[in-house]
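Breakdown of the fold
Chain by chain, the residues run as shown.
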Amino acid sequence: MSARPSTTTATETREQRIEAILQQLRPKVDAVVRQLVERAVDVPEAEEFGAIDFEFRDVGQQLVNEVRQASVASRKKRGT
């Protein structure tokens, strides 16, 4: 027997699903972006390029993983 999505979840529009995921991720994204901006502002000029690029890339990859996890959780919730 397969799980059927609830009526509320089944009638949820694509835009509503997107907004729900964004609301879930927004606090984390805002915090991460703030950390990146603080790091960019505070970094000495000699370190402006190089290691900081790797830090930024790694944080971006972490955000990508968060989006993927939230998307998978949303699909499981809908039963798709």
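Bear in mind that the values here come from a model prediction, so they are computed numbers and not experimental data.

Within the protein chain, the regular secondary structure consists of three helices and zero strands. Its helices and strands taken in sequence order, the protein chain reads α-α-α from the N to the C terminus. In the structure as shown, the protein chain presents an accessible area of about 6600 Å², 54% of it carried by carbon and sulfur atoms.

Where helix 2 (residues 14-42) meets helix 3 (residues 51-78), the closest approach of the two axes is 10 Å, and the angle between their N-to-C directions is 170°. Comparing the axis directions of helix 2 and helix 3 gives the class roughly antiparallel. Viewed along their axes, helix 2 and helix 3 form a crossing whose handedness is right-handed. On helix 3, the residues that touch Arg-17, Ile-21, Gln-24, Leu-25, Lys-28, Val-29, Val-32, Leu-36, Arg-39 and Ala-40 of helix 2 are Ile-52, Glu-55, Phe-56, Val-59, Leu-63, Glu-66, Val-67, Ala-70, Ser-71, Ser-74 and Arg-78. Class assignment for the residues of the contact of helix 2 with helix 3 results in twelve nonpolar, three polar and six charged.

About the thresholds
Residues numbered from 1 in each chain as written. Predicted model: local features only at pLDDT ≥ 70, side-chain atom pairs only at ≥ 80, totals over all residues. Heavy atoms only, no water. Helix = DSSP H or I, 4+ residues; strand = E, 2+ residues; numbered from the N terminus. Areas by Shrake-Rupley, 256 points an atom, 1.4 Å probe, with all protein chains shown as cover. Axes fitted to C-alpha atoms, helices over the stretch in contact; angles between N-to-C directions. Parallel < 35°, antiparallel > 145°, perpendicular 65-115°, else oblique. Left-handed = near helix turned anticlockwise from the far one by under 90°. Contact = heavy atoms within 4.5 Å. Nonpolar A, V, L, I, M, F, W, Y, C, P; charged D, E, K, R; others polar.

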